[in-house]
Amino acid sequence: MSFPMGSQVFCGENPRAAIITTKEMKTWPMPEFTTRDLATCLWKSDNAEFPEIVLVSYYADIENDPICVELNSLMRFCNGRGLPIIICADSNAHSEAWGCPNNNTRGDTYEEFISVNTLGILNRGRMPTFETSRASSIIDITLASYYICDYITD
């Protein structure tokens, strides 16, 4: 797989989650919060109100807890420093909060995580985010610190 010249790739070993940024974005790795299923980097944005934003790609394996220990640690780190965060997650969870017709236990866990960490859900509508010939669902979600949600468009 090739990426545009100057792109940066943030991921752990044998990754199932990754972040790819363009050379125009000023981003730095956060290895203490990066695993096979959690990719994290710090973005030095051009926004005067939010000069640093933590970007996250997260794969929540259906066989594991919905929220991994490392993601909880990252949230404590960000909340303790007032750093806004944007999380793009393959949650493998269902919740009416992001358009699913019903909740499952994993979705309930995500709803609590979202509430405790004052995150906003950026998903809109009921379009499936995962589709195969056998099924479709809304399991991919984008979350952000509530106070930056209005700054995120398209």
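The preceding data block contains the structure.
These notes cover the structure that comes with them.

Conventions adopted
Residues numbered from 1 in each chain as written. Predicted model: local features only at pLDDT ≥ 70, side-chain atom pairs only at ≥ 80, totals over all residues. Heavy atoms only, no water. Pairing = 2+ DSSP bridges. Helix = DSSP H or I, 4+ residues; strand = E, 2+ residues; numbered from the N terminus. Axes fitted to C-alpha atoms, helices over the stretch in contact; angles between N-to-C directions. Contact = heavy atoms within 4.5 Å. Disulfide = S-S within 2.5 Å. Buried < 20%, exposed > 50% of the residue type's maximum accessible area, 1.4 Å probe, protein only.

**What about the sheet that holds strand β4 (residues 38–44)?**
Step number 1: In space, the 6 strands of this open sheet follow the order β3-β4-β5-β6-β10-β7, with mixed pairing throughout. What marks the edges here is a single partner per strand, and that holds for β3 (26–29) and β7 (119–121). Each adjacent strand pair in this sheet contributes to an overall mean axis angle of 25°, direction not counted.
Step number 2: Sheet topology note: the β3/β4 ladder contains 4 bridges and is antiparallel. If you follow K26 over to β4, its bridge partner there is K44.
Step number 3: Along the sheet face, helix α2 (residues 105–116) touches β5 (52–59), β6 (85–90), β7 and β10 (140–145) and points at about 130° away from the line of β7.

**Let's talk about the state of the cysteines**
Step number 1: Per the counting criterion, the structure on display carries 0 disulfides.
Step number 2: Considering cysteine sulfurs only, C41 is the nearest to C88, which forms no disulfide, with 11 Å between them.
Step number 3: Among the residues examined, C88 registers a relative accessible area of 39% and is labelled partly exposed.
Step number 4: No disulfide involves C100; its sulfur sits 17 Å from the nearest other cysteine sulfur, which is in C88.

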